[in-house]
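Read off the chains here:
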Amino acid sequence: YIYTLNYPVQEEDLCNLEMRSIFDKNPINKIIMSNIDFNPSDSAFIKGQLTPLYETDTFEEILKKLDEDKLKLEEFRIELINELDTGIGYHERLPYFNQIGERIEGIPNVKNPKIRLGLGKLNDRWIFGFYKKNDALWMAHTNKPCSYSNSLSVRVARSLINIATNGDKTKTIIDPCCGVGTTIVEGLSMGYDICGTDISPKNASNARKNLEFFNLEPRAKYQDMTTIQEKYDASIIDIPYGLFSHITREQQQNIITKAKKISKKLVLITFEDLDYMVNNANFKIIDRCVVPKGKFKRYILVCQ
Ligand SMILES: C[S@@+](CC[C@H](N)C(=O)[O-])C[C@H]1O[C@@H](n2cnc3c(N)ncnc32)[C@H](O)[C@@H]1O
């Protein structure tokens with residue numbers, strides 16, 4: 001598969017960490033090639049997934065292969081993959097599409113296609129195949145009925161889910177300091193078994209309201225995370241920080257220490273260097289990145 005990526009400059013580091021977590025490699029020029037089949041809509045950074053049918057030296061060879069294979073496809077649409085630049089200008093594309101289209105049996109549907117076909121060029125080779133586009137439905141989660149000044153963004157939350165699970169849907173997740181439930185909304189809508197707790201009854205209740213608003217199970221409860229008994233594959237903790245809430249160093253340490261007891265892996269989000277607390281909790285930092293946020297920096301640590 002060929003994945004094309006896009007991200008705001010300040011989130012490049014986060015995108016790379018997410019791609020390493022899912023595909024075990026860094027992107028090159030906003031492209032990842034992998035044998036792993038990953039739904040592009042599950043990441044805010046993946047624009048699309050191209051499954052190559054043909055890789056050739058010339059465009060004419062693609063036409064030749066289409067003549068041989070006699071594809072039968074209903075309601076298809078052909079598009080140029082911008083990131084895999086063919087050198088064909090936007091206004092020159094139709095003759096190319098027509099030559100492809102007339103070799104496929106079936107009726108095209110440009111407006112509402114069931115099948116997308118992508119044409120691109122990579123390392124001087126023409127590539128033609130099935131294209132799956134990010135449906136961007138997750139963007140609707142930006143407008144939650146209950147917000148919180150220091151919430152994570154939807155893009156970051158989605159990324160954290162993939163980093164915590166390596167894209168494995170069988171993994172169980174907890175966000176024990178869930179705030180208004182940003183990561184739970186993303187995790188549940190991506191099909192993960194995820195729940196959350198918050199020590200503030202108001203935040204826990206707002207998280208449930210947000211989940212119900214998107215027709216998701218209200219899996220957020222009012223609980224001090226240091227009393228959690230259940231075990232999970234991963235926890236995602238956006239740790240409360242002195243600037244925004246009243247929390248002592250000891251309480252922060254207790255949260256991280258508890259995370260080690262209830263989960264095999266921790267993805268920790270902090271506004272300052274808390275490596276020593278992670279080490280005190282006997283976690284090992286296996287990967288990391290920094291995401292600038294206004295005047296501050298968010299540190300994301302992957303711990304095991
Ligand atoms: C930085 S906020 C999390 C924001 C969240 N990621 C969001 O997007 O809404 C930290 C949260 O941790 C909660 N918290 C603090 N101590 C806690 C504890 N011991 N157990 C559970 N939640 C706790 C706070 O009430 C606060 O909602």
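The structure presented is a predicted model; accordingly, all values stated were derived computationally and were not measured.

**Quick word on the layout of surface pockets**
As a volume, the largest pocket reaches approximately 720 Å³. Forming the walls of the largest pocket are 34 residues, and the residues nearest its centre are Arg77, Glu79, Leu80, Asn82 and Lys133. Those elements giving two or more residues to the lining of the largest pocket turn out to be β3 (46-56), β4 (76-80), α3 (93-101) and β6 (125-133). A per-class count over the lining of the largest pocket returns 19 nonpolar, 7 polar and 8 charged. Both of domain 1 (2-133) and domain 2 (137-303) provide at least three residues apiece to the lining of the largest pocket. Estimated volume of the second largest pocket: approximately 590 Å³. Taken together, 31 residues line the second largest pocket, and the ones lying closest to its centre are Cys177, Asp198, Ile199, Pro240 and Ile247. Listed by contribution, the elements that provide at least two residues to the lining of the second largest pocket are α5 (182-189) and α7 (249-262). Residue contributions to the lining of the second largest pocket peak at 3 residues, all from α7. Per-class residue counts for the lining of the second largest pocket are 14 nonpolar, 13 polar and 4 charged.

**Comments concerning the domain arrangement of the chain**
By convention, interface size is frequently given as the accessible area that disappears when the constituent parts associate. Each domain of the chain was delimited in the assignment, giving domain 1 (2-133) and domain 2 (137-303). Each of domain 1 and domain 2 was reduced to a C-alpha centroid, and the two centroids are 34 Å apart. Tallying the contact residues gives 18 residues for domain 1 and 19 residues for domain 2. Counting the surface lost from both domain 1 and domain 2, the interface buries some 1600 Å², and carbon and sulfur atoms represent 55% of this. It is Leu14, Leu17 and Asp42 that lose the most area in domain 1 upon contact with domain 2, and together they represent 35% of the buried surface on that side. At the boundary of domain 1 and domain 2, one finds 3 salt bridges. Its salt-bridge partner being Asp42, residue Lys169 comes within 2.7 Å of it at the nearest N-O pair. The tally of links from domain 1 across to domain 2 stands at 9 residue pairs in polar contact (both at pLDDT 80 or more). Of the residues contributing to the side of domain 1 that touches domain 2, the split by class is 8 nonpolar, 5 polar and 5 charged.

**Some points on the packing of helix α4 (residues 154-165) against α5**
Their axes nearest at 9 Å, the elements α4 and α5 cross at an angle of 60 degrees. The angle between the axes of α4 and α5 places the two elements in the oblique class. In this structure, α4 meets α5 at a crossing whose hand is right-handed. Where α4 approaches α5, its residues Val154, Ala157, Arg158, Leu160 and Ile161 are matched on the opposing element by Thr182, Thr183, Glu186, Gly187 and Ser189.

**Some words on the site of the ligand**
Neighbouring the ligand are 20 residues; Thr182, Asp198, Asn203, Met225 and Asp238 lie closest to it. In this structure, Ser151 approaches the ligand through a side-chain N or O atom, which is 3.4 Å from an oxygen atom. Within the contact set of the ligand, a nitrogen atom lies 2.8 Å away from a side-chain nitrogen or oxygen of Asp238. The site holding the ligand turns out to be the second largest pocket. Tallied by class, the residues present in the shell around the ligand amount to 10 nonpolar, 7 polar and 3 charged.

**Re α7**
For α7, built from 14 residues, the straight-helix expectation of 20 Å at 1.5 Å per residue is met to within 8% by its first-to-last C-alpha distance of 20 Å. For α7, every residue scored as buried is listed here: Gln252, Gln253, Ile255, Ile256, Lys258, Ala259 and Ile262. As for α7, its buried residues are in contact with β7 (172-175), β10 (232-238), β11 (263-270) and α8 (275-280).

**Some remarks on the environment of Gly179**
Here Gly179 lies in the loop between β7 and α5. Not counting chain neighbours up to four residues away, the residues in contact with Gly179 comprise Asp198, Asn203, Ala204 and Ala207.

**Here's the deal with unusual backbone geometry**
Even without being a glycine, Lys30 presents a positive backbone phi close to 60 degrees. Counting through the fold element by element, Lys30 comes out in the loop between α1 (12-23) and β2 (31-33). Taking the relative accessible area as the measure of exposure, Lys30 reaches 32% and is therefore partly exposed. The backbone of Glu75 sits at a positive phi, close to 50 degrees, despite the residue not being glycine. Assignment of secondary structure puts Glu75 in the loop between α2 (59-69) and β4. Exposure remark for Glu75: the relative accessible area of 27% places this residue in the partly exposed category.

Cut-off values and rules
- Residues numbered from 1 in each chain as written.
- Predicted model: local features only at pLDDT ≥ 70, side-chain atom pairs only at ≥ 80, totals over all residues.
- Heavy atoms only, no water.
- 1 Å grid on protein atoms, 1.4 Å probe; cavity = no way out; pocket = protein on both sides within 12 Å on 5 of 7 lines; lining within 4 Å.
- Points joined across faces, edges and corners; volume = space filled by probe spheres on them.
- Helix = DSSP H or I, 4+ residues; strand = E, 2+ residues; numbered from the N terminus.
- Nonpolar A, V, L, I, M, F, W, Y, C, P; charged D, E, K, R; others polar.
- Domains from an automatic or database assignment.
- Contact = heavy atoms within 4.5 Å.
- Buried area = accessible area lost by both parts, 1.4 Å probe.
- Salt bridge = Lys/Arg side-chain N within 4 Å of Asp/Glu carboxyl O.
- Polar contact = N/O pair within 3.5 Å; in protein donor to acceptor, adjacent residues only side chain to side chain.
- Axes fitted to C-alpha atoms, helices over the stretch in contact; angles between N-to-C directions.
- Parallel < 35°, antiparallel > 145°, perpendicular 65-115°, else oblique.
- Left-handed = near helix turned anticlockwise from the far one by under 90°.
- Near = heavy atom within 4 Å.
- Sits in = over half its atoms within 2 Å of the grid points.
- Expected span 1.5 Å × (residues − 1).
- Buried < 20%, exposed > 50% of the residue type's maximum accessible area, 1.4 Å probe, protein only.

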